[in-house]
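What the coordinates show
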Amino acid sequence: MSLSGSRDPPPRAMEAANLSVAATSVALPQGPEACSMGPSPSGVVGSTTAGDSALPGGREPPFSVFTVLVVTLLVLLIAATFLWNLLVLVTILRVRAFHRVPHNLVASTAVSDVLVAALVMPLSLVSELSAGRRWRLGRSLCHVWISFDVLCCTASIWNVAAIALDRYWTITRHLQYTLRTRRRASALMIALTWALSALIALAPLLFGWGEAYDARRQRCQVSQEPSYAVFSTCGAFYLPLGVVLFVYWKIYKAAKFRFGRRRRAVLPLPAPVQVKEAPHEAEMVFTARRPVVAFQMSGDSWREQKEKRAAVMVGILIGVFVLCWIPFFLAELISPLCACSLPPIWKSIFLWLGYSNSFFNPLIYTAFNKNYNNAFKSLFSKQR
C-alpha cells in the first residue's frame with residue numbers, strides 16, 4: 001500500500017514499462033556517424049561534436065574563452081608570418097647588394113612562406129572554426145586549398161634543404177664554388193624545388209590518386225590513398241630531411257677537422273724554436289690600394305668566423321625544421337598505412353606546428369646576417 005492510498009500497478013504493467021525504457025536506452029544512432037569508431041572530429045579551436053554542434057533553433061554554440069585565445073594566437077601567427085616574410089622579400093628586391101646568391105634562395109623560401117601565410121593558413125583556420133572541422137566551402141575550393149597547401153609547404157621544406165646545400169658547398173668548396181657556379185646551382189635548385197613541389201601537389205588531380213573532398217562527411221584533407229601517402233611524405237619531407245641531415249653531418253665533420261688542425265698548429269713549442277718562429281706570426285694582407293700588415297696573434301680569421309656563423313645558422317635552421325614538421329609527417333605516413341587515426345586535436349596541433357616553420361625561417365636568416373639588420377634599419381629610416 002502506498003501513502004496516498006492508491007493501489008500499486010500490476011506486475012505486468014511494470015514489466016512492460018521496464019522493457020520500454022531498456023529498449024530506448026540501447027537504441028543505436030542512425031546515419032553515417034554511427035559507423036565511425038574514431039573520436040568525434042573536433043579541432044584545436046572546436047571541441048563540440050557533430051551531434052551537439054548546434055543549439056536549439058539552428059544557432060552555433062558560443063566560443064569559449066580558451067577558443068578565443070587560441071584563435072587570437074593563430075591570427076597573430078598568420079599576420080606575423082606574412083609580414084615578416086614580406087619584409088624579407090621587399091628588402092631583397094630594394095637592396096642591390098642582395099641581388100645575388102645566396103639571397104635568391106632566401107627569396108624563394110620567403111615566397112613559399114608568404115604563400116603559406118596568405119593562401120593556406122587562413123583557410124585552415126576557417127576549417128578549424130567550423131563545428132567538427134566540417135568543410136563548407138565546396139569541392140572546388142577544397143581542391144585549390146589542398147593543392148596550395150602541399151605546393152607551398154613542400155617548396156618551403158625543399159628551399160631549406162637548398163639553403164643548407166649552398167652553405168655546405170660554400171664552406172667545404174669555397175675555391176671551386178665560385179659566384180658563377182653558385183648562381184647556376186641556386187637557379188637549378190630553385191627550379192627543381194618548385195617543379196617537384198608542383199608534381200606532389202597536383203598528382204591526385206592529374207592521375208586520380210585519391211580524393212581530397214568527402215561530400216558525405218564534409219571533410220577536406222590530403223588524399224589518404226596509402227600509395228600517395230608514401231609518395232607525398234617521402235618527396236615532401238623524408239627525402240629533404242635526409243639531405244639536410246647529411247649536409248649538417250658533413251659540415252660538422254669539416255668544422256671538427258679544421259678545429260683539430262688549428263689546435264695542432266698552435267701547440268706549444270720549445271723555447272728556442274718559439275723565439276725563432278715569433279716573427280712569422282704576423283700575417284700580410286694585401287688590399288687593392290696598399291699593403292696592410294695585420295697582426296693576428298690569436299682568434300679566428302674573417303673567413304673562419306663567417307663559416308662558423310654559417311654552420312650555426314644551418315644547424316638552427318635544420319633543428320627548427322625537424323621539430324616543426326616531423327610530428328605532422330609521421331602522423332601523415334602512419335595513419336593511412338595502418339588505417340588508424342589520431343585524435344583530431346593532435347592532428348590540428350601537428351599541422352599548425354608545421355605551419356609555424358614558415359614564421360621561424362626568416363627570423364633565423366636575419367638573426368645570423370648583419371646585412372639584413374642594416375638593410376631593415378635603412379629601409380625604415382628612408383620611409384620616415
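Quick caveat, the model's predicted, so the values are computed rather than measured.

Rules used in this analysis
Numbering of residues starts from 1 in every chain and runs along the sequence as written. Given that the model is predicted, a residue must reach a pLDDT of at least 70 before its local features are reported, and side-chain atom pairs must reach 80 or more before they are shown or counted; all residues, however, enter totals for whole chains, interfaces and linings. Side-chain calculation: all heavy atoms of the structure are included, whereas hydrogens and water are not. To pair, rings of Phe, Tyr and Trp, with the six-membered ring standing in for Trp, must have centres within 6.5 Å; the planes then decide the type, stacked if under 30 degrees apart, edge-to-face if over 60, and tilted in the middle. Elements are defined by DSSP. Helices are runs of H or I of four residues or more, strands are runs of E of two residues or more, and each kind is numbered from the N terminus. Burial classes: relative accessible area under 20% of the type maximum marks a residue as buried, over 50% as exposed, and values in between as partly exposed (1.4 Å probe, protein chains only). A residue counts toward a patch only above 30% relative accessible area and without a salt bridge, and it is joined to like-charged neighbours within 9 Å or, for Val, Leu, Ile, Met, Phe, Trp and Tyr, to nonpolar neighbours within 5 Å. Throughout, the Shrake-Rupley method with a 1.4 Å probe supplies accessible areas, and for residues the shown protein chains are the sole cover considered. Any Lys or Arg side-chain nitrogen found within 4 Å of a carboxyl oxygen on Asp or Glu counts as a salt bridge. Residues enter a nonpolar core if they are buried and are Ala, Val, Leu, Ile, Met, Phe, Trp, Tyr or Cys, with the set joined through side-chain atoms within 4.5 Å. We call two residues contacting when some pair of their heavy atoms lies within 4.5 Å. Throughout, an axis means a line fitted to C-alpha atoms (over the contacting stretch in the case of helices), and angles, computed between N-to-C directions, take values from 0 to 180 degrees. By definition in this entry, angles of less than 35 degrees are roughly parallel, angles greater than 145 are roughly antiparallel, angles of 65 to 115 are roughly perpendicular, and the rest are oblique. Throughout, a crossing is termed right-handed when the near helix is turned clockwise from the far one, and left-handed when it is turned anticlockwise from it by less than a right angle. Three categories are distinguished: nonpolar for Ala, Val, Leu, Ile, Met, Phe, Trp, Tyr, Cys and Pro, charged for Asp, Glu, Lys and Arg, and polar for the others, with Gly belonging to the last.

1. Topic: the packing of aromatic side chains
Going through the model one piece at a time under the given rule, you end up with 18 aromatic pairs. Between Trp 346 and Phe 350, the aromatic rings sit 5.9 Å apart at their centres with planes inclined by 45 degrees, giving tilted as the arrangement. With Trp 346 and Phe 350 both in helix α9 (residues 344-355) and four residues apart, the pair spans about one turn of that helix. The exposure class of Trp 346 is partly exposed, given its relative accessible area of 45%. Here the aromatic cluster, defined as three or more aromatic residues joined through ring pairs, consists of Phe 237, Tyr 238, Phe 321, Trp 325, Phe 328 and Phe 329.

2. Remarks on a nonpolar patch on the surface
A cluster of nonpolar residues, Leu 119, Val 126, Leu 137, Leu 141, Val 144 and Phe 148, forms a patch on the protein surface that exposes about 430 Å² of accessible area. Elements that contribute at least two residues to the nonpolar patch include exactly α3 (103-129) and α4 (139-172). Looking at where Leu 137 falls in the secondary structure, it is placed in the loop between α3 and α4.

3. Digging into the pattern of salt bridges
Scanning the model with the defined rule gives three salt bridges in all. Here Asp 166 and Arg 167 are joined by a salt bridge, their closest N and O atoms 3.3 Å apart. The partner of Arg 182 in a salt bridge is Asp 166, and the shortest N-O contact between them spans 3.0 Å. Of this pair, Arg 182 sits in helix α5 (residues 179-207) while Asp 166 sits in helix α4, and the two are 16 residues apart along the sequence. According to the relative accessible area criterion, Asp 166 is buried, its value standing at 0%.

4. Let's talk about the nonpolar core
Core analysis: the biggest nonpolar cluster contains 78 residues, and Met 121, Ile 146, Phe 321, Trp 325, Trp 352 and Tyr 355 have the highest contact counts within it. Once you skip the residues sitting within four places of it in the chain, Tyr 355 turns out to touch Val 116, Val 120, Met 121, Ser 124, Asp 149, Cys 153 and Trp 325.

5. A closer look at the packing of α3 against helix α10 (residues 357-367)
Close contact between α3 and α10 brings their axes to 9 Å; oriented N to C, the two are set at 150 degrees. Classed by the angle they form, the pair α3 and α10 counts as roughly antiparallel. The crossing of α3 and α10 is left-handed. Every residue of α10 that contacts α3 at Val 106, Thr 109, Asp 113 and Val 116 is listed here: Ser 358, Asn 361, Pro 362 and Tyr 365. Residue composition of the contact of α3 with α10, by class: four nonpolar, three polar and one charged.

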